[in-house]
Each structure stands twice: as C-alpha cells, then as structure tokens.
Amino acid sequence: AQSVTQPDIHITVSEGASLELRCNYSYGATPYLFWYVQSPGQGLQLLLKYFSGDTLVQGIKGFEAEFKRSQSSFNLRKPSVHWSDAAEYFCAVGYPGSGSARQLTFGSGTQLTVLP
Amino acid sequence: DTAVSQTPKYLVTQMGNDKSIKCEQNLGHDTMYWYKQDSKKFLKIMFSYNNKELIINETVPNRFSPKSPDKAHLNLHINSLELGDSAVYFCASSLLELGQLPTFGSGTRLTVV
C-alpha cells in the first residue's frame with residue numbers, strides 16, 4: 001500500500017534561515033507529489049505539485065521541492081524563511097493509475113515554528 | 001469570494017447525538033469530497049461525489065452519510081456520534097479531470113464529549 005512519511009513532527013528555524021522539510025513516499029511507480037500548507041483556522045493551500053518532467057519544482061511563496069526517485073523523496077525547501085511561513089506543512093501523494101490526482105494520501109504533517 | 005465554505009467551524013456535541021456539517025463551493029467544480037483529519041494529523045479521504053453521484057467511498061462506518069443535493073453542495077450527516085469521531089473534517093472540490101487537484105475548505109473541528 002502507498003504511504004507518505006514526514007519524519008519531522010516539529011521544526012523550528014529562525015527568520016531568514018533556510019528550511020528543508022522532508023517527505024518520503026512508498027509507491028510502486030512514480031506518483032504525483034504535492035505539498036500543502038495549513039495555517040491556523042485555514043484550509044489546505046497547495047504550494048506546489050509534481051506530475052512529471054523537471055524534478056525541481058517551483059511553487060508559490062518562494063518554495064521549491066525536488067523529486068528524487070532514488071531516495072523516494074520530495075523534500076520542500078525555502079532559502080530564507082519569513083515569520084508568515086509558520087504553519088503546518090503536508091506532503092501528499094496521488095495515484096496516476098486512478099486517472100486523476102483527486103484521491104490523495106497525506107503525510108502526518110510538519111509543524112513549522114519561526115523564531116524572530 | 002470564490003471558495004469552498006463549510007459550516008460550522010466548530011462543533012461540540014455529546015455522544016449519541018446526530019449532527020450535520022454543510023459544505024458549499026462556488027468554483028463551478030463537478031466533484032466534491034470529504035476528508036477526515038485525525039488526532040495524528042493524517043488526512044484521509046472519506047467520500048467523493050461527482051455530479052451528485054458517489055464515486056469514492058472509503059471504509060467509513062455507515063453512521064456517516066453524505067448527501068449531495070446538487071453539484072455545489074455536499075453535506076455530511078453523522079448519526080449516533082462516538083468519541084472516536086472527534087476530528088477535523090475537511091470538505092474539498094475539484095474538476096474530475098486528470099491533474100485537477102482539490103480546493104479545500106477551512107475545516108470543521110468536531111469534538112464529541
């Protein structure tokens with residue numbers, strides 16, 4: 001069965017520092033991969049997605065993620081974190097075989113705290 | 001505002017009660033979903049409706065009954081609430097096409113006491 005693992009439950013960084021959030025997946029083929037962000041009291045907002053092609057994906061708010069097939073990873077990065085980036089981040093996997101990305105499997109999330 | 005809106009945002013109720021959560025989208029999407037986020041933050045799909053027809057039904061107790069009166073609405077009714085039903089429930093919508101990702105509502109935090 002497919003699964004998504006986010007090894008870090010909570011990460012704290014200082015404002016202006018770089019950030020990397022880890023995501024590993026288990027799936028028999030190359031899945032569709034996504035990162036979502038959830039701010040308090042808000043819904044899930046899509047940061048970026050990978051379907052195929054260039055393995056380095058640019059998203060909104062200055063985020064990027066790199067798909068590494070050999071490591072079954074899709075880590076999220078940002079070179080300089082802003083206080084407004086404090087939120088919960090979810091990695092998700094979709095299934096190409098289903099013909100759509102609509103049925104997503106989510107990781108358990110990483111809570112990001114940004115220190116002033 | 002174009003969005004997926006769900007009500008109420010918070011719901012506290014006693015065990016055994018029946019409650020409903022409403023969801024509406026004005027994005028012109030033809031597919032709607034309910035997801036459950038448990039205490040460990042895992043989001044799992046529960047149901048999906050396309051043009052008012054059920055297309056995804058994961059292993060969910062039959063106390064949960066989704067109702068879609070039209071394409072823009074997907075309500076979730078829960079009978080005989082149990083403590084384990086406490087969670088955040090997210091509604092979402094999308095177009096049923098390859099690569100179309102769901103747009104999520106802000107969630108309903110259900111607490112069963």
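Scroll up for the structure.
Our subject in this report is the structure included herewith. Everything numeric here is computed off the predicted structure, so don't read it as measured data. (Residues numbered from 1 in each chain as written. Chains lettered and ligands numbered in written order. Predicted model: local features only at pLDDT ≥ 70, side-chain atom pairs only at ≥ 80, totals over all residues. Heavy atoms only, no water.)

### Re the overall build of chain B
- Helices and strands together make up the secondary structure of chain B, namely zero helices and 11 strands.
- For chain B, the N- to C-terminal ordering of α and β elements is β-β-β-β-β-β-β-β-β-β-β.
- A globule of 113 residues ought to have a C-alpha radius of gyration of about 13 Å, and chain B, at 13 Å, matches this closely.
- Taken along its principal axes, the extent of the C-alpha atoms in chain B is 40 × 30 × 25 Å.
- Residues counted as buried form 45% of the 113 residues belonging to chain B.
- Contacts spanning at least 24 positions in sequence make up 55% of the contacts within chain B whose residues lie at least 6 apart. (Helix = DSSP H or I, 4+ residues; strand = E, 2+ residues; numbered from the N terminus. Rg over C-alpha atoms; globule rule 2.2 N^0.38 Å. Buried < 20%, exposed > 50% of the residue type's maximum accessible area, 1.4 Å probe, protein only. Contact = heavy atoms within 4.5 Å.)

### Some thoughts on the overall build of chain A
- Along the backbone of chain A there are zero helices and 12 strands.
- In sequence order, the secondary structure elements of chain A are arranged as β-β-β-β-β-β-β-β-β-β-β-β.
- A compact globule built from 116 residues would reach a C-alpha radius of gyration of about 13 Å, and chain A, at 14 Å, matches this within 12%.
- On the principal axes, the C-alpha backbone points of chain A span a range of 45 × 30 × 25 Å.
- Within chain A, residue pairs in contact and separated by at least 24 positions form 54% of the contacts whose partners lie at least 6 positions apart.
- Summing over all exposed atoms, chain A offers an accessible surface of approximately 5,200 Å²; the carbon and sulfur share of this is 49%.
- Between the mean site of the 8 positive side-chain charges and the mean site of the 8 negative ones, chain A shows a separation of 8 Å. (Areas by Shrake-Rupley, 256 points an atom, 1.4 Å probe, with all protein chains shown as cover. Lys, Arg positive; Asp, Glu negative; His and termini not counted. Charge placed at Lys NZ, Arg CZ, Asp CG, Glu CD.)

### Some points on the state of the cysteines
All names here are of chain A.
- Enumeration over the complete set of coordinates arrives at two disulfides over all chains.
- Disulfide partner of Cys23: Cys91, at an S-S distance of 1.9 Å. Taking the sign of the torsion about the S-S bond as the criterion, the disulfide between Cys23 and Cys91, at about -70 degrees, is left-handed. Taken together, the residues Cys23 in the loop between β3 (19–21) and β4 (24–26) and Cys91 in strand β10 (residues 87–95) connect sequence positions 68 residues apart.
- Of the residues examined, Cys23 reaches a relative accessible area of 0% and is grouped as buried.
- Note on Cys91: relative accessible area 0%, which makes it buried. (Disulfide = S-S within 2.5 Å.)

### Some thoughts on the packing of aromatic side chains
- All told, the structure shown has 14 aromatic pairs over all chains when counted by the stated rule.
- Taking 4.5 Å as the distance between ring centres and 50 degrees as the angle between the ring planes, the aromatic pair formed by Tyr32(A) and Phe51(A) counts as tilted. One end of the pair, Tyr32(A), is in strand β5 (residues 32–38); the other, Phe51(A), is in the loop between β6 (44–50) and β7 (56–58), and 19 residues separate them in sequence.
- Note on Tyr32(A): relative accessible area 11%, which makes it buried.
- Given the relative accessible area of 27%, Phe51(A) is considered partly exposed.
- Taken together, Tyr36(A), Phe106(A), Tyr33(B), Tyr35(B), Phe90(B) and Phe104(B) form an aromatic cluster joined through their ring pairs. (Phe/Tyr/Trp six-rings, centres within 6.5 Å; stacked < 30°, edge-to-face > 60°.)

### Remarks on the nonpolar core
Residue and element names in this part refer to chain A.
- One finds Leu19, Trp35, Leu47, Leu48, Phe74, Leu76 and Tyr89 to be the most contacted residues of the largest nonpolar core, which totals 27 residues.
- Per element, the largest residue contribution to this core is five residues, and it comes from β10.
- Not counting the four nearest positions on each side in its chain, Leu47 is found in contact with Trp35, Tyr36, Val37, Gly59, Ile60, Lys61, Phe63, Leu76 and Tyr89. (Core = buried A, V, L, I, M, F, W, Y, C linked by side-chain atoms within 4.5 Å.)

### Regarding the pairing of strand β8 (residues 64–68) of chain A
All names here are of chain A.
- Bridge count between β7 and β8: three bridges; the pairing is antiparallel. Note that in β8 the partner of Val57 across the bridge is Ala65.
- What sits between the antiparallel neighbours β7 and β8 is a turn of five residues, in which Lys61 has the positive phi angle 60 degrees.
- For β8 and strand β9 (residues 73–78), the ladder comprises five bridges, and the chain directions are antiparallel. (Pairing = 2+ DSSP bridges.)

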